[in-house]
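# Coordinate inspection notes
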Amino acid sequence: MAVCIAVIAKENYPLYIRSTPTENELRFHYMVHTSLDVVDEKISAMGKALVDQRELYLGLLYPTEDYKVYGYVTNSKVKFVMVVDSSNTALRDNEIRSMFRKLHNSYTDVMCNPFYNPGDRIQSSGSVSLSRAFDNMVTSMMIQVC
């Protein structure tokens, strides 16, 4: 189960961050921020191979004592970061991939909305129903127990 999900813009500012235990919210923000360096390293190491391939999943970025941080990057260089509780050993790599694909599809739906300005934060409090649908999908990913 994911404890934090973040969508980071091409310019490395957060478009969306959601974490489950709100008392550790600052810790998760820090983990997401520090993972961007690892994402940039992996992207630059792949170089042209990333452009040629359709593999957008970056895999495990780094583990900590309590959590594992995974990454995904889109063709437009938008980054998805997912923090998973490391005690959940039932969560496999292919399940993480499918969670990122769902997240990417939902993000694409938000981007296709004519009322969404690219680069703005994705907020569920507005009148845009797709933002609420994105938020509900993230909530279901965080609640889901594998």
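Read on for an overview of the structure. From a predicted model like this one, the values you see are computed outputs, not experimental measurements. (Residues numbered from 1 in each chain as written. Predicted model: local features only at pLDDT ≥ 70, side-chain atom pairs only at ≥ 80, totals over all residues. Heavy atoms only, no water.)

### Describing the overall build of the protein chain
As a reminder of what qualifies: By the criteria applied, helices consist of DSSP H or I runs no shorter than four residues and strands consist of E runs no shorter than two, each listed in order from the N terminus. Only protein chains enter the accessibility calculation, which uses a 1.4 Å probe; a residue whose area is less than 20% of its type maximum is buried, one above 50% is exposed, and one in between is partly exposed. Contacts are residue-level and defined by heavy atoms, with any inter-residue pair within 4.5 Å sufficient. The protein chains shown are the only cover counted for residues, whose accessible areas, like all others here, come from Shrake-Rupley with a 1.4 Å probe.
For the protein chain, the helix and strand inventory stands at 4 helices and 5 strands. Residues classed as buried in the protein chain amount to 42% of the 146 residues present. For the protein chain, long-range pairs separated by at least 24 residues make up 54% of all intrachain contacts whose partners lie at least 6 apart in sequence. In the form shown here, the protein chain has an accessible surface area of approximately 8000 Å², with 51% of it arising from carbon and sulfur atoms.

### Notes on unusual backbone geometry
For Asn12, which is not glycine, the phi dihedral falls at a positive 70°. When you line up the elements, Asn12 lands in the loop between β1 (2-8) and β2 (14-19). Relative accessible area serves as the criterion here: at 32%, Asn12 is assigned to the partly exposed category. Notably, Lys77 is not glycine yet its phi reads approximately 70°, a positive angle. Relative to the helices and strands, Lys77 is located in the loop between β4 (67-73) and β5 (79-85).

### A short note on the pattern of salt bridges
We count it as follows: The term salt bridge refers to a pairing of a side-chain nitrogen on Lys or Arg with a carboxyl oxygen on Asp or Glu at a separation within 4 Å.
For the coordinates displayed, the defined rule picks out 3 salt bridges. With a closest N to O distance of 3.0 Å, Arg18 and Asp135 form a salt bridge. Taken together, the residues span a long stretch of sequence, with Arg18 in strand β2 and Asp135 in helix α4 (residues 129-143) at a distance of 117 residues. We classify Asp135 as buried; its relative accessible area is 14%. We note a salt bridge from Asp66 to Arg27, for which the minimum N-O separation is 3.3 Å. Pair noted here: Asp66 is in the loop between β3 (57-63) and β4 and Arg27 is in helix α1 (residues 25-46), with a separation of 39 residues, a long-range link. Residue class for Arg27 comes out partly exposed when judged on its relative accessible area of 38%.

### What to know about the side chain of Thr74
We count it as follows: Here a polar contact is taken to be a pair of N or O atoms separated by no more than 3.5 Å, where protein atoms must pair a possible hydrogen donor with a possible acceptor and residues adjacent in sequence count only if both atoms sit in side chains.
For Thr74, the position within the fold is in the loop between β4 and β5. With relative accessibility at 4%, the residue Thr74 sits in the buried group. At a separation of 3.1 Å, a polar atom in the side chain of Thr74 contacts the side chain of Ser76. Ignoring any residue separated from it by four or fewer positions in sequence, one finds Thr74 in contact with Leu56, Phe80 and His104.

### Some details on the sheet that holds β1
As a reminder, the rule being used: When DSSP finds at least two bridges between two strands, those strands are taken to pair. Here the axes come from fitting lines to C-alpha atoms, over the contacting stretch only for helices, and the angles between their N-to-C directions go from 0 to 180 degrees.
Strand order in the open sheet formed by 5 strands is β2-β1-β5-β4-β3, and the pairing between neighbours is antiparallel. The open sheet is flanked by β2 and β3, the only strands paired with a single partner. With direction set aside, neighbouring strand axes in the sheet form an average angle of 15°. Of the strand pairs in this sheet, β3 and β4 are connected by 5 bridges, and their pairing is antiparallel. Looking at β4, one finds that Leu60 is bridged to Tyr70. Where α1 meets the sheet, its contacts fall on β1, β2, β3, β4 and β5, and the angle it forms with β3 comes to roughly 125°.

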